[in-house]
Amino acid sequence: MAEIRNYTLNFGPQHPAAHGVLRLILEIDGEVIERADPHIGLLHRGTEKLVESKPYNQSIGYMDRLDYVSMMCNEHAYVRAIETMLALEVPERAQYIRVMFDEITRILNHLMWLGTHGLDVGAMSIFLYAFREREKLIDCYEAVSGSRMHATYYRPGGVYRDLPEKMPQYLKNDFRKPKELEAMNKNRQGSLLDFIDDFVKEFPKNIKQYDDLLTDNRIWKQRLVNIGIVSASRAKQLGFTGPMLRGSGVAWDLRKNQPYAVYDKLEFDIPVGATGDSYDRYLVRMEEMRQSNRIIKQCVDWLRENPGSVMSNDKKVAPPKRTEMKDDMESLIHHFKLFTEGYCLPEGEVYCAIEHPKGEFGIYLISDGANKPYRVKIRAPGFVHLAAMDEMAKGHMLSDVVTIIGTQDIVFGEIDR
Amino acid sequence: MQDLKEQLIEEFGEGNIIDAFGELTLTVDVSDIIKSCLKLRDTFLFDTLVDLCGVDYLTYGQSDWDANASSSGFGRGREACGGEDRHEKRFAVAYHLLSVNKNYRLRVKAFVDEAQPMIETVTGIWAAADWYEREAFDLFGILFENHTDLRRILTDYGFVGHPLRKDFPMIGEVEMRYDEELGRVVYEPVSIEPNVNVPKVIRE
């Protein structure tokens, strides 16, 4: 009889299904996974070290680059940590704008996840549909911050600026017929809020489309049902948060359980799974998109009714207006101080977490009273999820590893930091 | 949270609890870490370890220059000055615990000596600690006793040093390039100069 040996297979770091730069060392017996050893750190940029060397405001941009598919949520955790330490009041309008963009970000993230997860498992077309909607939301990012991805829009004390009165439109060029152009600009005639409102109206129909494509799809179910089951107690033990924990049936959501910003004033539900397999997590995330849509609608309505300031009045933290600087010396000094030295935080430490689309994203900030953080630890949800790869993949087939990577919603920007 | 605070004071003593910014911090002795963590998990129902990380207190409270400098003006001096050592031990391990059942949080801190940066692993109590401890070992060189797989995690294969320690230079120690003649990648000492654009200042 021939000798039977286990294979060691190197998966990645250059593999389209590895969601970036994941290197997995898989020990397989035939096609069954015996052991999975993820090697991470190939995208390590030393964010935590870099943040230590810069004044607080200069590091907001680094937060965008952590989980680069849910940029503004990362910023939210960081600015909230600073605000907690300064005991800074944030205007309500800014809070609503933040919540609205957090939820837009959640949809952005889940659409990205849905598209790539589908692609990994073999459903090509869902990717195209998901990216169709993503484009619109990224346009919202661009309209509000000037950048399509790395927004740096949230600032300690509020947000960088108020929502624009006019949604940018597509321009005429030689390749677009006038009729086409008109159709493209149809929902861009009003303000950004009108555009978002229009998106909110259309989006449930689009989710229905994804639903039709996948939810009862036989192949989709064969690839997802009963793959990577994690029980509720095990999920807690492994430190899971977010959809990974809710997929296992634990109704835990920081937006409900430890509300921040204005989540306590909004109505939404928390979906939970039953069996804790990949299919449940898929259903949870789909429902989260619907709930996010609900929240966005409530925010849009509130924001229409309540104009006001979007930045704190504390001149030690918030920059003065350009016009004030022209004839007020105090403002000029504040501006100069703020953009050279920055501001100092009181001595102490704080851990600030938000419900990020992937789970609990936390910033552990230690200040020694200086204008730079003494230590910043970024608690990335993906890190713990990926750590459970071995446990989740054991006993499954090689092709299921790809499903599990997909269902964990892994992004290396935050894991490797 | 007040209930929790009272219970913790009863269990661990008032001197070990700090209540600041609406968060509770419990300081425990390195030798007691397992005992305390088991108690926290089983009687206080902290079922989730949210985060574990190392902290290096080497330059804590030291600014790059004296904020009340004289009229002779500032130099570009980057000599750290004006800090008394506020921490007896150089390193700390910070654990962030969460109770999903009871809906409260707690931070546990254990200070570790520089000469012997060792602490017992908590992987047996919360499985999530596995990679976090590897990370703390990688970035700070804190050793976790009885950890079954204490390898580096974030840095490169064959990396030397612990990059998040305060005495590790921001620019790193080596740089890498492909050598045409040798036909392989070579490591050389860094050629760039350290640069501080904004000095660290501590103001009241």
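Conventions adopted
- Residues numbered from 1 in each chain as written.
- Chains lettered and ligands numbered in written order.
- Predicted model: local features only at pLDDT ≥ 70, side-chain atom pairs only at ≥ 80, totals over all residues.
- Heavy atoms only, no water.
- Helix = DSSP H or I, 4+ residues; strand = E, 2+ residues; numbered from the N terminus.
- Rg over C-alpha atoms; globule rule 2.2 N^0.38 Å.
- Buried < 20%, exposed > 50% of the residue type's maximum accessible area, 1.4 Å probe, protein only.
- Contact = heavy atoms within 4.5 Å.
- Phe/Tyr/Trp six-rings, centres within 6.5 Å; stacked < 30°, edge-to-face > 60°.
- Lys NZ or Arg CZ within 6 Å of the ring centre and 35° of its normal.
- Pairing = 2+ DSSP bridges.
- Axes fitted to C-alpha atoms, helices over the stretch in contact; angles between N-to-C directions.
- Core = buried A, V, L, I, M, F, W, Y, C linked by side-chain atoms within 4.5 Å.
- Buried area = accessible area lost by both parts, 1.4 Å probe.
- Nonpolar A, V, L, I, M, F, W, Y, C, P; charged D, E, K, R; others polar.
- Expected span 1.5 Å × (residues − 1).
- UniProt positions renumbered as here; feature names shortened; annotations may be inferred.

This part covers the overall build of chain A. When helices and strands are counted, chain A shows 18 helices and eight strands. Rg of the C-alpha trace for chain A: 23 Å, near the compact-globule value of 22 Å for 417 residues, within the 12% margin. For chain A, the spread of C-alpha atoms along the three principal axes comes to 90 × 60 × 40 Å. Looking at chain A as a whole, 60% of its 417 residues qualify as buried. Excluding contacts between residues fewer than 6 apart, the proportion of contacts in chain A whose partners are at least 24 apart in sequence is 69%.

Further remarks concern the packing of aromatic side chains. Any two aromatic rings considered together are summarised by their centre-to-centre distance and by the angle between their planes. Considering all chains together, one arrives at 21 aromatic pairs over all chains under this definition. Between the aromatic rings of Y96 of chain A and W302 of chain A, the centroid separation amounts to 3.9 Å while the plane-to-plane angle is 10°, which identifies the pairing as stacked. Taken together, the residues span a long stretch of sequence, with Y96 of chain A in helix α4 (residues 92-121) and W302 of chain A in helix α12 (residues 278-305) at a distance of 206 residues. Overall, the relative accessible area of 4% leaves Y96 of chain A in the buried class. A centroid spacing of 5.1 Å and a plane angle of 70° characterise the contact between Y260 of chain A and Y263 of chain A, whose relative ring orientation is edge-to-face. Of the two residues examined, Y260 of chain A and Y263 of chain A, each falls in the buried class. Its guanidinium or amino end placed over the ring of F383 of chain A, R417 of chain A lies 5.0 Å from that ring's centre, counting from NZ or CZ. Its end group placed over the ring of Y374 of chain A, K166 of chain B keeps NZ or CZ at 4.0 Å from the ring centre.

Further remarks concern the sheet that holds strand β3 (residues 32-39) of chain A. All names here are of chain A. The strand order β1-β2-β3 describes an open sheet built from three strands, whose pairing is antiparallel. Only two strands of the sheet have a single partner each, and these edge strands are β1 (7-11) and β3. Sheet twist, expressed as the mean angle between neighbouring strand axes with direction ignored, is 20°. Across seven bridges, strand β2 (residues 23-29) lies against β3 in antiparallel orientation. Bridge assignment links L26 to a residue of β3, and that residue is A36.

This part covers the nonpolar core. Residues and elements named next belong to chain A. M100 and F101 are the most contacted members of the largest nonpolar core, which has 176 residues in total. Among the elements that take part in this core, α4 stands out by supplying 13 residues, more than any other. Not counting chain neighbours up to four residues away, the residues in contact with M100 comprise L163, L193, I196, I296, C299, V300 and L303.

Take the interface of chain A and chain B next. Many authors give the size of an interface as the accessible area that is lost as the parts come together. Across the boundary between the two partners, chain A contributes 58 residues, which contact 59 residues of chain B. The junction of chain A with chain B conceals about 4,800 Å² of combined surface from both sides, 54% of it contributed by carbon and sulfur atoms. Counting residues per element, the side of chain A that touches chain B draws most heavily on strand β6 (residues 348-356) of chain A, at five residues. When the residues that make up the side of chain A that touches chain B are grouped by side-chain class, the tally is 24 nonpolar, 15 polar and 19 charged.

This brings us to unusual backbone geometry. All names here are of chain A. Not every positive phi belongs to a glycine, and N226 is a case in point at roughly 65°. Within the secondary structure layout, N226 lies in the loop between α8 (218-224) and α9 (232-237). Accessibility expressed as a relative area gives 47% for N226, which makes it partly exposed.

Residue and element names in this part refer to chain B. Examined bridge by bridge, strand β8 (residues 174-179) and strand β9 (residues 184-189) share six bridges and lie antiparallel to one another. If you follow D179 over to β9, its bridge partner there is R184. Hairpin connection between β8 and β9: a loop of four residues separates the two successive antiparallel strands, and G183 in this loop has a positive phi of roughly 70°.

Helix length check: helix α3 (residues 71-86) of chain A, at 16 residues, gives a terminal C-alpha distance of 23 Å against a target of 22 Å (1.5 Å per residue), a fit within 8%. Phi turns positive, to about 50°, at A87 of chain A, one or two residues after α3 of chain A.

Moving on, we get to the UniProt feature "domain: NADH-quinone oxidoreductase subunit D" (unreviewed entry) in chain A. In the numbering used here, UniProt assigns the feature "domain: NADH-quinone oxidoreductase subunit D" (unreviewed entry) to residues 120-417 of chain A. Counting secondary structure, residues 120-417 of chain A comes out at 50% helix and 9% strand; the distance between its end C-alpha atoms is 24 Å.

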